[in-house]
Amino acid sequence: SNDGGTQAIERQSQKYPQHTFLIGYGANDSCLPDGACSRHHVPPHEYSSNLKRMIRMINKWNAEKDVAVALLTPPPCDTEIMETSRDNENVTRLYAEACTNAAREEGVPAVDLWRGMQLPVGGDG
């Protein structure tokens, strides 16, 4: 066995988090406050505050820094189908922006599902 190689791998693995905690909230929170699913609505400022509080809570537990934290924005919705409860462009977008802003403010990455899932698909097919 190559103890030098094993030790190098152990040192390398200690540099990086061993687990990732993905926080993905906002799809229900961004329901219209006066829509069909209003009981799920959370105001944007409260949504953002909740995300930051979750990040801080995980980081407090994470003294060893072996867990990475990242946020997932709410995904886009089809306003045409969900017109009684959702508004993708005027409401869900605001929650996606609040999520990416919270991530930036807390120094964690964010995966922008809202934008990414609306990009045109390239290619011929």
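The structure this text deals with has already been given above.
Everything quoted here is computed from the prediction, not taken from an experiment.

Caption draft 1: Structural view of the pairing of strand β2 (residues 67-72). Sheet analysis places strand β1 (residues 19-24) next to β2, joined by 6 bridges and oriented parallel. Residue pairing for β2: F21 is matched across the bridge by V69. In this structure, β2 lies alongside strand β3 (residues 110-111), joined through 2 bridges in parallel fashion. Paired with L71 across the bridge in β3 is A110. At this point the chain moves from β2, through helix α3 (residues 88-106), to the parallel β3, and the crossover so formed is right-handed.

Caption draft 2: Quick look at the sheet that holds β2. A sheet is described by the order of its strands in space; here 3 strands give the open sequence β1-β2-β3, paired in parallel fashion. Of all strands in the sheet, those bounded by a partner on one side alone are β1 and β3. α3 contacts β2 and β3 of the sheet and is inclined by roughly 155° relative to β2.

Caption draft 3: Summary view of the side chain of T92. Checked against the element boundaries, T92 lands in helix α3. Of the residues examined, T92 reaches a relative accessible area of 0% and is grouped as buried. Residues in contact with T92, not counting those within four places in the same chain, are S30, P74, P75, C77, R86, D87 and W114.

Caption draft 4: Here's a closer look at α3. With 19 residues, α3 ought to run about 27 Å at 1.5 Å a step, and its terminal C-alpha atoms sit 25 Å apart, in line with that. Along α3, the residues classified as buried are N88, V91, T92, Y95, A96, A98, C99, A102, A103 and E106. Between the side-chain oxygen of the N-cap and the backbone nitrogen of E89 there are 3.5 Å, and the N-cap of α3 in question is D87. G107 sits one or two residues past α3 and shows a positive phi near 75°.

Caption draft 5: The arrangement of the nonpolar core in detail. Counting 16 residues, the largest nonpolar core has I23, Y47, L51, I55, V69, L71 and V108 as its most contacted members. For this core, the secondary structure elements donating two or more residues are α2 (44-61), β2 and α3. Residues within four places of I23 in sequence aside, it is in contact with L51, M54, I55, I58, V69, A70, L71 and L72.

Caption draft 6: Inspection of the pattern of salt bridges at higher detail. Enumeration over the complete set of coordinates arrives at 6 salt bridges. Residue E105 pairs with K52 through a salt bridge whose shortest N-O separation is 2.3 Å. Separated by 53 residues along the polypeptide, E105 in helix α3 and K52 in helix α2 bring together distant segments of the chain. According to the relative accessible area criterion, K52 is buried, its value standing at 17%. Across the pair R93 and E89 runs a salt bridge, and its minimum N-O distance is 3.4 Å. Of the two residues, R93 and E89 are both situated in helix α3; the distance of 4 residues between them amounts to about one turn of the helix.

Caption draft 7: View of the packing of α2 against α3. Relative to each other, α2 and α3 sit at 35°, their axes nearing to 9 Å. Note on packing geometry: the crossing formed by α2 with α3 is right-handed. Residue-level inspection shows P44, Y47, S48, L51, K52, I55 and R56 of α2 in contact with α3, the latter providing Y95, A98, C99, A102, E105 and E106. Of the residues that constitute the contact of α2 with α3, the class distribution is 8 nonpolar, 1 polar and 4 charged.

The rules behind each value
- Residues numbered from 1 in each chain as written.
- Predicted model: local features only at pLDDT ≥ 70, side-chain atom pairs only at ≥ 80, totals over all residues.
- Heavy atoms only, no water.
- Pairing = 2+ DSSP bridges.
- Helix = DSSP H or I, 4+ residues; strand = E, 2+ residues; numbered from the N terminus.
- Right-handed = clockwise from strand over helix to strand, strands pointing away.
- Contact = heavy atoms within 4.5 Å.
- Axes fitted to C-alpha atoms, helices over the stretch in contact; angles between N-to-C directions.
- Buried < 20%, exposed > 50% of the residue type's maximum accessible area, 1.4 Å probe, protein only.
- Expected span 1.5 Å × (residues − 1).
- Polar contact = N/O pair within 3.5 Å; in protein donor to acceptor, adjacent residues only side chain to side chain.
- Core = buried A, V, L, I, M, F, W, Y, C linked by side-chain atoms within 4.5 Å.
- Salt bridge = Lys/Arg side-chain N within 4 Å of Asp/Glu carboxyl O.
- Left-handed = near helix turned anticlockwise from the far one by under 90°.
- Nonpolar A, V, L, I, M, F, W, Y, C, P; charged D, E, K, R; others polar.

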